[in-house]
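Each chain, letter by letter, is given below.
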Amino acid sequence: MERPPRVSLRRATRADFDTIRRWLSRPDIQDWWGPVSATEAEVNMALSSDHGICRMIEVDGVPVGYAHAVDATLWGDSLPDDLEPGTWDLDLFVADEAHRGKGVGQVALAALREEVFATTLAVAVCVFPSVKNERAVRAYEKAGFRWKRVWNDPEMGHSWFMVSRRDDLR
């Protein structure tokens, strides 16, 4: 019987930026994360922020994707009005196609959410998957995120506003 892959998160550093940048330039990543200029700026802000947790997603020690969590206030005023103060925004992608659809993203998401709740005073975490990205929406549901509503993201268009509260995990 084949052993399941060992998924882990390690701290992303400036040394990882070239790899992340290469991934962000791929059309399949841009479909869900947005245009390169905006996503590179987002990653740079997260890497530079004291209010960011940036991680490389690894499978058996090999980088296969990127994840970050930031205090949502870092993004400024372009967020839903009903976003609760103290909410952190999570984003991730699995760049290596061989590891997509195998639970790697879900494991990484759970680990990142747990890290946010263990190391910050966040009351909740949120995600904004495109309404067109059904695979991501289902993964977020399985990870315990609940739909709040559809939100028209200024960059990506109609997206689900999904939340997982600290209280829900007790």
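We now turn to the structure provided with this report. From a predicted model like this one, the values you see are computed outputs, not experimental measurements.

A separate point is the packing of aromatic side chains. Going through the model one piece at a time under the given rule, you end up with eight aromatic pairs. On the basis of an interplanar angle of 90° and a centroid distance of 5.9 Å, the ring pair of W23 and F93 is categorised as edge-to-face. Linking W23 in helix α1 (residues 17-24) with F93 in strand β4 (residues 87-94), this pair joins segments that are 70 residues apart in sequence. On the basis of relative accessibility, which here comes to 5%, the residue F93 falls in the buried class. On the numbers, 4.9 Å between centres and 90° between planes, the contact of W33 with F93 is edge-to-face. Taken together, the residues span a long stretch of sequence, with W33 in helix α2 (residues 27-33) and F93 in strand β4 at a distance of 60 residues. For the pair W33 and F93, one class covers both residues: buried. Put simply, the rings of W23, W33, Y66 and F93 touch in pairs and so form one group of aromatic residues.

Take helix α5 (residues 134-142) next. Residues A136, V137 and Y140 constitute the buried set of α5. In an axial view of α5, the angular spread of the buried residues amounts to 100°, which keeps them on one side of the axis. In α5, the exposed residues that point more than 90 degrees away from the buried face are R135 and K142. Just downstream of α5 lies G144, where phi reads positive at about 100°.

All right, on to the side chain of T120 then. Tracing the backbone shows T120 in the loop between α4 (104-119) and β5 (124-127). Taking the relative accessible area as the measure of exposure, T120 reaches 16% and is therefore buried. At a separation of 2.7 Å, a polar atom in the side chain of T120 contacts the main-chain carbonyl oxygen of V116. In contact with T120, not counting residues within four places along its chain, are I53, W88 and R166.

Within this structure, the stated rule accounts for twelve salt bridges. With a shortest N-O distance of 2.9 Å, D16 and R10 are connected by a salt bridge. For D16, a relative accessible area of 8% puts it in the buried group. Looking at R10, the relative accessible area reads 28%, which means it is partly exposed. In this structure, the salt-bridge partner of R138 is E141, at a minimum N-O distance of 2.7 Å. Here R138 pairs with E141, and both are found in helix α5, just three residues apart, close to one helical turn. R138 gets classed as partly exposed once you look at its relative accessible area, which sits at 35%.

Turning next to the pairing of strand β7 (residues 157-165). Within a regular beta strand, the side chains point alternately toward one face of the sheet and then the other, so they alternate between its two faces. As defined by bridge partners, β5 adjoins β7 across four bridges and the pair is classed as antiparallel. Bridge pairing in β7 links A124 to R165. Pairing geometry for strand β6 (residues 146-153) and β7, over seven bridges, is antiparallel. Residue pairing across strands places D153 opposite G157, the latter belonging to β7. Linkage of β6 to β7, two consecutive antiparallel strands, is achieved through a turn of three residues.

What counts and how
Residues numbered from 1 in each chain as written. Predicted model: local features only at pLDDT ≥ 70, side-chain atom pairs only at ≥ 80, totals over all residues. Heavy atoms only, no water. Phe/Tyr/Trp six-rings, centres within 6.5 Å; stacked < 30°, edge-to-face > 60°. Helix = DSSP H or I, 4+ residues; strand = E, 2+ residues; numbered from the N terminus. Buried < 20%, exposed > 50% of the residue type's maximum accessible area, 1.4 Å probe, protein only. Arc of directions from axis to C-beta. Polar contact = N/O pair within 3.5 Å; in protein donor to acceptor, adjacent residues only side chain to side chain. Contact = heavy atoms within 4.5 Å. Salt bridge = Lys/Arg side-chain N within 4 Å of Asp/Glu carboxyl O. Pairing = 2+ DSSP bridges.

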